[in-house]
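The chain contents come next:
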Amino acid sequence: MATRYGITMTRAPEAGLPLGRVETPRLVYAVIAVCTAAAAFLRFYQLTRPGYLLGVTEYDDGVQFGDAVRLVSGVVPYRDFVAMQPPGSIVLMAPVALLAKVTGSAWGLAIARLLTAAADTACVALLGLLVRHRGPVAAGIACGIYAVYPDALIAAHTLLLEPWVNLFCLIGALLVFDGDRLTDGRRLAWGGVAFGFAAAVKLWALVPLAVIGLLLLRRPRRLGLLAGGAAAGLGAPVLPFLALAPTRLVNDVVTSQFSRANVAHPPPLPRLTNLAGLSLFPHLSSRLSVLLLMAVAAILALGYLAACRAGARLPAALDCYALIGLAAVTGMLLWPYGYFTHYGAVAGPFIALVLALPAGLLRPAEHRLQIVPLLAVCAVAAVLVTALGLRQFGTETRLHGWTSPAARADRLIPPGACVLTNDSSLTVSAGRFVPATPGCPALVDAYGTLLAMTDGRKLLASPREVRSVTALWSAEFARAPYVWLETGSQGQIPWTASLYHYFTDHFRLLGLVNGPGAHDVPKGGLYVRR
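Predicted model only: the values in this text are computed from it and were never measured.

Looking at the overall build of the protein
Broken down by element type, the protein carries 21 helices and 8 strands. Split into buried and exposed, the 530 residues of the protein put 53% on the buried side. Put simply, 76% of the contacts in the protein that link residues at least 6 apart link residues at least 24 apart.

Set out below in structure tokens:
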């Protein structure tokens, strides 16, 4: 209990009660179901657009799925080829990669895309369950905001890691929190397991896990339960690969990524604009974007303060998790040099929680004066979610990926041929990723290989590092009868004069041209050995 702003504030009674003792109205579950259905529509509708289910839309999805395909083929990540992310996603996709032995790699990737859309849809339902004790308005805002959050929708259009990170972090949060308070016992340990596995998918999940640990600092026994569960969740998928290739795994996943993040720090405004969902409105000026960001921050701060005062209570553990987590995740996303729009999806759950939780503190049944602000919040939230949803739907209707190259590749590349590529999405979507004979290069991630071999400093690589990467590509070219290059290969392959002359002397363009070349850089397309 404490006195602030002239009033006595305490925690709400339900904040200390287990969920089993608080009856959740059916309306809350109805709201969660409606928002989840809307989220599913937006996410699966994307995959009906031309080229989005079986075509080429990303670089990373071919890498993530290709890593799993290599594993089930007996080629070990980190030991036999570079993999820049922890092995959690490889383990997750291994069953789909096994299925791809029957369906083919193109349909295997399509199944992985469908599963990723389903995982991100599940995040909407989990957010609603996490705040259901705060009532239907809070559940509607949390679910609605994430359902239409632009970065989450971008991340859900194919096999990217952010939806899976959010899924396991929200499962962990649902286990760790019992209403507004932190739980104890087995639930806390299992929550740690979920957070740990999320970190095994992408190390960014360590940030929300650290926030939970911060909230438990004064409770060493509980902190030990959380840490033990997290160690088990992280260790189970990582330790087998760490035992097989300890140095390579640490270099690929930790050293190269950390060095890459410290190359430079770009201006924060474009990223903050993106995180605020303003990427759907590209014509906004920088000045207007700054004003909107400042207004949103001020409204959030004043809204939380007003809601806590109206509810005569201090922020609960769940409020602290949302606020500290949003600040920490935003700082994490502002730090690295490289940034892609789908990265912002990891901030989506925290943005949804920060917007939703204060609304749940308004109790018009107990304080009639609160009905006016509650109705205002409902109206603003409904307009915002509807506007963003319609805008997103309009954007999706114009989507058009590169339709599947399988038909053209079938005519040019024999089944089971060895094809080396700088973009695995091409060979995965064409069903030419898995060779029928041994001896084919195992390389999956051309860009990641460059980062790993230059310790994450590809723009500042030493001459020795450049020579080592060039030697690798020379050796790979020597073993490959086919080479399929995506335009812009100079960002992944160090085309020295000697490497370029070797390539043009030994390979000729066969077809599937996808872009122009440059000085001492071959044009994108399919090449066959002379």
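Read on for the rest.
A few points about the packing of aromatic side chains
One pass over the full model with this rule turns up 15 aromatic pairs. On the numbers, 5.4 Å between centres and 50 degrees between planes, the contact of F177 with Y321 is tilted. Within this pair, whereas F177 is found in strand β3 (residues 177-178), its partner Y321 is found in helix α14 (residues 317-334), the two being separated by 144 residues in sequence. Of the two residues, F177 and Y321, neither departs from the other in class, the shared state being buried. Ring centres 5.6 Å apart and planes at 85 degrees place the aromatic pair F340 and Y343 in the edge-to-face group. Using a relative accessible area of 44% as the deciding quantity, one classes F340 as partly exposed. Ring pairing ties together the aromatic residues W473, F477, W495, F503, F507 and Y527, which thus form one cluster. Lying over the aromatic face of W204, K202 brings its terminal NZ or CZ to 3.9 Å of the ring centre.

Section: the side chain of T427
Mapped onto the elements, T427 comes out in helix α18 (residues 424-429). By relative accessible area, which is 1% here, T427 ends up buried. Beyond its immediate chain neighbours, meaning those up to four positions away, T427 contacts S105, V419, T421, R432, F433 and W484.

Things to note about the packing of helix α9 (residues 206-215) against α14
Their axes nearest at 9 Å, the elements α9 and α14 cross at an angle of 140 degrees. Our classification of the angle between α9 and α14 gives oblique. Between α9 and α14 the crossing geometry is right-handed. Where α9 abuts α14, its residues V207, P208, V211, I212, L214 and L215 lie against A317, C320, Y321, I324, G325, A328, V329 and M332. Its residues placed into classes, the contact of α9 with α14 shows 13 nonpolar, 1 polar and no charged.

Considerations on the packing of helix α1 (residues 26-46) against helix α4 (residues 105-130)
Interaxial distance between α1 and α4 falls to 9 Å at its minimum, and their mutual angle equals 155 degrees. Considering their axes alone, α1 and α4 lie roughly antiparallel with respect to each other. Here α1 and α4 pass one another in a crossing that is right-handed. Contacts between α1 and α4 involve Y29, I32, C35, T36, A39, A40, R43 and F44 from the former and L114, A117, A118, D120, T121, V124, A125, G128 and L129 from the latter. Partitioning the contact of α1 with α4 into residue classes produces 12 nonpolar, 3 polar and 2 charged.

As for the confidence of the model for the protein
For the protein, per-residue confidence averages 86 on the pLDDT scale, and 87% of positions sit at 70 or higher. Considering each helix and strand of the protein separately, the mean pLDDT is smallest for strand β2 (residues 7-9), with a value of 40, and largest for helix α7 (residues 162-176), with 98.

Examining the nonpolar core
F177, Y321 and L333 are the most contacted members of the largest nonpolar core, which totals 122 residues. The residues contacting L333, other than those within four sequence positions of it, are W204, R271, L275, Y339, Y343, G344, V346 and A347.

Considerations on the sheet that holds strand β6 (residues 482-485)
With mixed pairing, the 4 strands of this open sheet are ordered in space as β5-β6-β8-β7. Every other strand in the sheet has two partners, leaving β5 (419-421) and β7 (507-515) as the edge strands with one partner each. The average undirected angle you get between the axes of adjacent strands in this sheet is 20 degrees. Pairing analysis gives 4 bridges linking β6 to strand β8 (residues 524-529), with the strands arranged antiparallel. The residue bridging L485 from the neighbouring strand is G525, located in β8. On top of the sheet, helix α20 (residues 463-479) reaches β5, β6, β7 and β8; it is set at about 155 degrees to β5, its chief contact. Together, β6, β7 and β8 form the strand contacts of helix α21 (residues 497-506), whose direction differs from that of β7 by roughly 105 degrees.

Focus: the state of the cysteines
Here the structure, examined in full by the defined rule, presents 1 disulfide. Note on cysteine connectivity: C418 is disulfide-linked to C440, with sulfurs 2.1 Å apart. Its S-S torsion of approximately 85 degrees makes the covalent link between C418 and C440 right-handed. Of the two residues, C418 is situated in the loop between α17 (406-412) and β5 and C440 in the loop between α18 and α19 (446-453); the sequence distance between them amounts to 22 residues. Across the pair, exposure class does not vary: C418 and C440 are buried alike. With no disulfide of its own, C123 lies closest to C169 among cysteine sulfurs, the gap being 9.2 Å. Its relative accessible area of 0% is what places C123 among the buried residues.

Describing unusual backbone geometry
Look at Y78: it is not a glycine, yet its phi comes out positive at around 75 degrees. Residue placement: Y78 occurs in the loop between α2 (60-72) and α3 (88-103). A positive phi angle is found at L512, which is not glycine, with a value near 55 degrees. Taking relative accessible area as the criterion, L512 reaches 10% and is therefore assigned buried.

Quick look at α1
Note: α-helices contain 3.6 residues per turn, so residues at a spacing of three or four share the same orientation. Taking 1.5 Å as the rise per residue, α1 with 21 residues should run 30 Å; its terminal C-alpha atoms sit 31 Å apart, in good agreement. Among the residues making up α1, those that are buried are V28, V31, I32, C35, T36, A39, L42, R43, Y45 and Q46.

Here we look at the environment of P315
Here P315 is to be found in the loop between α13 (286-310) and α14. Considering only alpha carbons, one finds P315 and L361, 46 residues apart in sequence, at a separation of 9.9 Å.

Quick look at a nonpolar patch on the surface
Among the surface-exposed residues, L288, V290, L291, L292 and M294 lie close enough to one another that they form a single nonpolar patch of about 430 Å² accessible area. Relative to the helices and strands, V290 is located in helix α13. Overall, V290 belongs to the partly exposed group, its relative accessible area being 32%.

What counts as what
- Residues numbered from 1 in each chain as written.
- Predicted model: local features only at pLDDT ≥ 70, side-chain atom pairs only at ≥ 80, totals over all residues.
- Heavy atoms only, no water.
- Helix = DSSP H or I, 4+ residues; strand = E, 2+ residues; numbered from the N terminus.
- Buried < 20%, exposed > 50% of the residue type's maximum accessible area, 1.4 Å probe, protein only.
- Contact = heavy atoms within 4.5 Å.
- Phe/Tyr/Trp six-rings, centres within 6.5 Å; stacked < 30°, edge-to-face > 60°.
- Lys NZ or Arg CZ within 6 Å of the ring centre and 35° of its normal.
- Axes fitted to C-alpha atoms, helices over the stretch in contact; angles between N-to-C directions.
- Parallel < 35°, antiparallel > 145°, perpendicular 65-115°, else oblique.
- Left-handed = near helix turned anticlockwise from the far one by under 90°.
- Nonpolar A, V, L, I, M, F, W, Y, C, P; charged D, E, K, R; others polar.
- pLDDT = per-residue confidence, 0-100.
- Core = buried A, V, L, I, M, F, W, Y, C linked by side-chain atoms within 4.5 Å.
- Pairing = 2+ DSSP bridges.
- Disulfide = S-S within 2.5 Å.
- Expected span 1.5 Å × (residues − 1).
- Patch = residues over 30% accessible without salt bridge, like charges linked within 9 Å, V, L, I, M, F, W, Y side chains within 5 Å.
- Areas by Shrake-Rupley, 256 points an atom, 1.4 Å probe, with all protein chains shown as cover.
- Salt bridge = Lys/Arg side-chain N within 4 Å of Asp/Glu carboxyl O.

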